[in-house]
Amino acid sequence: MQEFFEWLSGGRSQGLDSLQFDLSFPFGFGWALVILIACGALASFFYWPQLQRQSNSLRYTLVGLRTASVLLILFLLMDPCIVGQRIQPGEQTVVLLFDDSKSMQVRDMDGASRAARLTQRYAQEKEHFEEQLKQRFNVAKYRFGASIDAVGDVSQNRFEQPQSDLAQALTRTQQENQAANIAAVVLFSDGAQNADGPLGLEDAASRISAPVYAVGVGEDAEWKDARIRSLSVNRTHFDNSPVSLAVDIQTEGLDGETLLLELLEDGRVIQTKTVDIETALQSNQIAIDFTPQKKDWVEYQTRISIEGQTVDAPPGEENSIRSDETIIQNNARSFVIDNRKTEYKILFYSGRPNWQHKFVRRALLEDEQLKTASLILISKAERQFVFRGARTTTTNPLFDGFDQDQDKYGRYDEPIFLRLGVSKDELTNGYPREAKELFAYDLVIWNEADLGDLSLERLELTREFVDKRGGAFLLIGGENIFRDDKLASSLIEPMLPVLATQIRGDSVRDQERFSVEATTEGFVSGAWTLDPDKDMNQLRWSEMPALFRYHPFQLTRAGAVVMAQVQASADGARQAPFYAVQRYGAGKSAVLSSPETWPWQMKADLEDDSHEQLWRQIVRNLVSNVPQPIALVSVESAYPVETPIVLDALVRDEQFDAREGAQTDMTITAPSGQEYVLGVEESLDEMGVYQGEFTPTEVGMYRLLIEASAEEPDDIGNREYAFLVEPDLSEFQNAKYDPSTLQLVADQTGGELLTLNQLAEIPKKIPFINQEKSEWVRLHLWHNPLFYLLLVGLLCAEWYLRRTRGEA
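Report follows, based on the coordinates. (Residues numbered from 1 in each chain as written. Predicted model: local features only at pLDDT ≥ 70, side-chain atom pairs only at ≥ 80, totals over all residues. Heavy atoms only, no water.)

Both strand β10 (residues 258-265) and strand β11 (residues 268-276) contribute to a ladder of 8 bridges, which runs antiparallel. Pairing of Leu 263 across the sheet is with Gln 271, part of β11. Here β10 hands over to β11 after 2 residues, with Asp 266 in that stretch at a positive phi of 55°. (Pairing = 2+ DSSP bridges. Helix = DSSP H or I, 4+ residues; strand = E, 2+ residues; numbered from the N terminus.)

Shown next, in the form of structure tokens:
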């Protein structure tokens, strides 16, 4: 109907909205209709008797022509008009939203990118499209992605924003134009929504008060894509500390193909795996285990491609094969492995010389990263001084017959220790009594310890070693500590993963043979894994020699993890934990319920190193996450390029107290070798936290060196980190053209989903909202030549018929 009114007004209705027909008749349209009907009836009644000589058909024709002429004349006398609102540009606003994200770079089946398609088509229609809009509305243009910015023209878009956030774009559009009256939003996008904002897309669309006309930019064609959805990198505690890599891959439209996964170290392929794609939409997780050989921070890359095809053929290379995938930007991911020669300090305290200490220490010495200091109690302190006449001395009785030098051998009221693997000044006074000395270690192992030999001061310090310092603690069961009721009420009992209150002296199995099996948690962690293959691991455990003594704990604490358990027991204590670990404060605590695991070595074949391998894995598991005095509060494995990175470093002293007022420096080395010294400020909110900010401009591996010092000369430390900086490719994880998302927005707002070819139709579809300032315009139709031509035609036809039939 609007098109008919425009045609009837002869093009004079341009710039008018809400067109309608009206008559300039003082008594209204209804009375005008009554008068026209009455006059038509009178004209017919008057003219009908004058044509009695003619046939009825001719009489009807002549009466109809004469009556129509009369009615047309009366109609024109009533001044028919087309009435509409003259729109003043600027009263209402149409917002144009252009998708500026990286997904617009995707090339569809015709080889043209979505960005090129939008830019070219809009340039062709721009003059007519925007002219039509500006006749009625004020036009505001924005580009959006992860953020929204005003833009002069779509040709200014770079299509490099790392995310598509349609919800934020609609919300910000409403906020930016609160003062304006939004008539409509025209959204140019491929529908790829790759951001999880505070509002969902449907919720954001419901908040906008104008219809959204979504223009789909893209082809709804077959989508072929293989993408690496995520990487899981775990440095296992198996012997030689291999890396376990899990690559989560999703494919679409590649059924029948074979996918090739490559692992690259410094650009060199070191492992490959293949997987057959059987369905159109398929997810696979591919596991790769490898052992880094290079002793440093090492950068690795995983890459997928269709077997027999390549995604990085050199330009111009003959016989180079192109990939059949629609998009290849999501085919590779990188990660960094710390394979430096890191040393962990271990304090192995033994309540007496025994075989367990010998075999465990020998196993740990084979790992150059595990620096083990042994402290073995060989003589306890004498409680009373015994007078023996002239030979009486205050030297420890253990050294009777030797040079009576108590300064060299120790007093009678002091315990005597054997120190192994220590420096000259290390552990000279026995088990540490100061935090500075004990906190230098990463792991403390107690083997057949007697709580009576350790003062309350040392017990409390051990608890703080785990709770405050974040160290690891392992208690190996022995004759004294588990038979003694003092453990249940001691300072260390709360940090154990088992409830010591359940221990009774007569419950210790001394002669009962039993086997041990690793739990699922023990196998997954790698601490209690003898072979990475699950079936082979079970076989090796079943072949391990039986042990004789263990302490059947009945209960474990909430949150504790049992990694190994007793496999067989005569009285049904089948699930008794053999090895359990739990988090306690900032560190972790573990318990081994048996005092002896060395029969696994003595009763096995000479070449079997299962016992030694097992103990290295147990220790690595305990020390793997022990915190250092200087540490980043949070660090990501990879950061996007050109994005500011905030680095928060926590600095602590030797007693692991947060250090205020320390001189802290941060130096970053870029992949090109250029160094950046960051400005570091001490946090006002958190004690001991120092903050620096850096914006990377290169892609690759960066190294970060944190150095802290204070006035004391020995209070100096440093820590090195490495992280990757990569192009932000999150937009390509879901880059498929998605008209359903655009349809959702259009339906939610009362708009419509259109294509680029329908661009010229959009201005006519946008409704105009009545405003008080709008001017109503009347376009008179009485001087339209069509009406006069129609009147002349009616009169001439009536006169011709009448005269040819002999009428006057």
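Pairing within the open sheet is antiparallel, and its 3 strands lie in the order β8-β9-β12. Single-partner strands in this sheet number two, and they are β8 (225-235) and β12 (281-290). Shown here is a sheet whose adjacent strand axes are inclined to one another by a mean of 15°, direction ignored. In this sheet, strand β9 (residues 243-252) lies alongside β8 in antiparallel orientation, the contact comprising 10 bridges. (Axes fitted to C-alpha atoms, helices over the stretch in contact; angles between N-to-C directions.)

Below, the discussion takes up the nonpolar core. Membership of the largest hydrophobic core comes to 38 residues, with the highest contact counts inside it found for Trp 528, Phe 578 and Tyr 579. At the level of secondary structure, the elements contributing two or more residues to this core comprise β15 (344-350), α7 (355-365), β18 (443-447), β19 (472-476), β21 (561-566), β22 (577-584), β23 (587-592) and α14 (610-623). Among the elements that take part in this core, α14 stands out by supplying 6 residues, more than any other. Residues contacting Tyr 579, with those up to four places away along its chain left out, are Leu 474, Trp 528, Val 561, Val 562, Met 563, Ala 564, Ala 590, Val 591, Leu 592, Ile 618 and Leu 622. (Core = buried A, V, L, I, M, F, W, Y, C linked by side-chain atoms within 4.5 Å. Buried < 20%, exposed > 50% of the residue type's maximum accessible area, 1.4 Å probe, protein only. Contact = heavy atoms within 4.5 Å.)

Turning to a nonpolar patch on the surface, a few remarks are in order. A contiguous nonpolar patch, built from Phe 4, Trp 7, Leu 786 and Leu 789 and spanning about 460 Å² of accessible area, is present on the exposed surface. Those elements that provide at least two residues to the nonpolar patch are α1 (2-8) and α17 (785-804). Examined against the element boundaries, Trp 7 turns out to sit in helix α1. Residue Trp 7 is classed as exposed on the basis of its relative accessible area, which comes to 53%. (Patch = residues over 30% accessible without salt bridge, like charges linked within 9 Å, V, L, I, M, F, W, Y side chains within 5 Å. Areas by Shrake-Rupley, 256 points an atom, 1.4 Å probe, with all protein chains shown as cover. Salt bridge = Lys/Arg side-chain N within 4 Å of Asp/Glu carboxyl O.)

Here the focus is the pattern of salt bridges. Side chains that differ in charge, positive against negative, can pair when their charged atoms come close. Under the defined criterion, the tally for this structure stands at 30 salt bridges. One salt bridge in this structure joins Glu 130 and Lys 141, with 2.6 Å as the shortest N-O distance. Of this pair, Glu 130 sits in helix α4 (residues 114-134) while Lys 141 sits in strand β4 (residues 138-144), and the two are 11 residues apart along the sequence. For the pair shown, Glu 130 and Lys 141 are each scored as buried. The closest approach of N and O atoms between Glu 448 and Arg 352, which form a salt bridge, is 2.9 Å. Here Glu 448 is found in the loop between β18 and α10 (456-467), whereas its partner Arg 352 is found in the loop between β15 and α7, with 96 residues between them in sequence. Residue Glu 448 is classed as buried on the basis of its relative accessible area, which comes to 3%. Via salt bridges that share partners, Asp 296, Asp 338, Arg 340, Arg 703 and Glu 720 belong to a single interconnected network.

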